[in-house]
Amino acid sequence: MGENLEFVKFPWKIKAYYLEDEGFGYTERLYEKLRYDQQTIESVLKEYETTELRTQQEDWEYVDSVLMRLANTLLIAAISGSEKSEMYFKEFKTRVKPDGIYGSWYIIMDDILKFAKGE
């Protein structure tokens, strides 16, 4: 997420390959700039707490234009170490009930969070 929490595309996982005695090895790590400062985390938490959550069946356009962006910001806040953001991110799935493409998007975000936490 860039300024004003708009979408910015960049790699989230970095792989480094190297030579070992018997061949190649590699390591994976999270992109180091994929973090929010405390002020941004507080802003994300406030936005979640004041945003009306609707299910995809109620209003898919709202889920597309507002809520999936919010899920992304919660993800990055959780990766940044906010336990409350992680709780809200996990709650998002049961409250919004993303399905189809949005369900797949949420699964990918959940996998990113698990990678970031070393799970």
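Residues numbered from 1 in each chain as written. Predicted model: local features only at pLDDT ≥ 70, side-chain atom pairs only at ≥ 80, totals over all residues. Heavy atoms only, no water.

(A) How the structure looks around the overall build of the protein. Looking only at helices and strands, one finds four helices and two strands in the protein. Partitioning the intrachain contacts of the protein with sequence separation of at least 6 by distance along the chain shows that 59% fall at a separation of at least 24. Carbon and sulfur atoms form 50% of the exposed surface of the protein, whose accessible area is close to 7700 Å². (Helix = DSSP H or I, 4+ residues; strand = E, 2+ residues; numbered from the N terminus. Contact = heavy atoms within 4.5 Å. Areas by Shrake-Rupley, 256 points an atom, 1.4 Å probe, with all protein chains shown as cover.)

(B) View of the nonpolar core. Counting 29 residues, the largest nonpolar core has Leu67 and Phe92 as the members making the most contacts within it. Of all elements in the fold, only α1 (38-50), α2 (60-79), α3 (83-96) and α4 (100-116) reach the threshold of two or more residues within this core. Ranked by the residues each element gives to this core, the list is headed by α2, at 12 residues. With near-sequence residues (within four places) excluded, Leu67 lies in contact with Thr51, Glu52, Leu53, Arg54, Tyr62, Phe92 and Val96. (Core = buried A, V, L, I, M, F, W, Y, C linked by side-chain atoms within 4.5 Å. Buried < 20%, exposed > 50% of the residue type's maximum accessible area, 1.4 Å probe, protein only.)

(C) Region of interest: the pattern of salt bridges. Applying the stated rule across the entire model yields eight salt bridges. The salt bridge involving Lys90 is made with Glu86; its shortest N-O contact spans 3.1 Å. In this pair, Lys90 and Glu86 both sit in helix α3, four residues apart, roughly one turn of the helix. For Lys90, a relative accessible area of 42% translates into the label partly exposed. We classify Glu86 as buried; its relative accessible area is 14%. (Salt bridge = Lys/Arg side-chain N within 4 Å of Asp/Glu carboxyl O.)

(D) Region of the structure containing the packing of α1 against α2. The contact between α1 and α2 brings their axes to 10 Å, and the two run at 140 degrees. Considering their axes alone, α1 and α2 lie oblique with respect to each other. Along this stretch, α1 crosses α2, giving a crossing that reads as left-handed. In this structure, α1 contributes Ile41, Val44, Glu47 and Tyr48 to the contact, and α2 contributes Arg69, Leu70, Thr73, Leu74 and Ala77. Residues belonging to the contact of α1 with α2 are distributed by class as follows: six nonpolar, one polar and two charged. (Axes fitted to C-alpha atoms, helices over the stretch in contact; angles between N-to-C directions. Parallel < 35°, antiparallel > 145°, perpendicular 65-115°, else oblique. Left-handed = near helix turned anticlockwise from the far one by under 90°. Nonpolar A, V, L, I, M, F, W, Y, C, P; charged D, E, K, R; others polar.)

(E) Structural view of unusual backbone geometry. In this structure, Lys97 takes a positive phi of about 55 degrees despite not being glycine. In this fold, Lys97 is placed in the loop between α3 and α4.

(F) Inspection of the environment of Arg95 at higher detail. With respect to the element layout, Arg95 can be found in helix α3. Spatially, the C-alpha atom of Arg95 lies 7.4 Å from that of Arg54, the residues being 41 residues apart in sequence.

(G) Up close: α2. Compared with the 28 Å implied by 1.5 Å per residue over 20 residues, the 27 Å span of α2 between its first and last C-alpha is a close match. Across the 20 residues that make up α2, a large majority, 14, are buried. One or two positions beyond α2, positive phi appears at Gly81, with a value near 105 degrees. (Expected span 1.5 Å × (residues − 1).)

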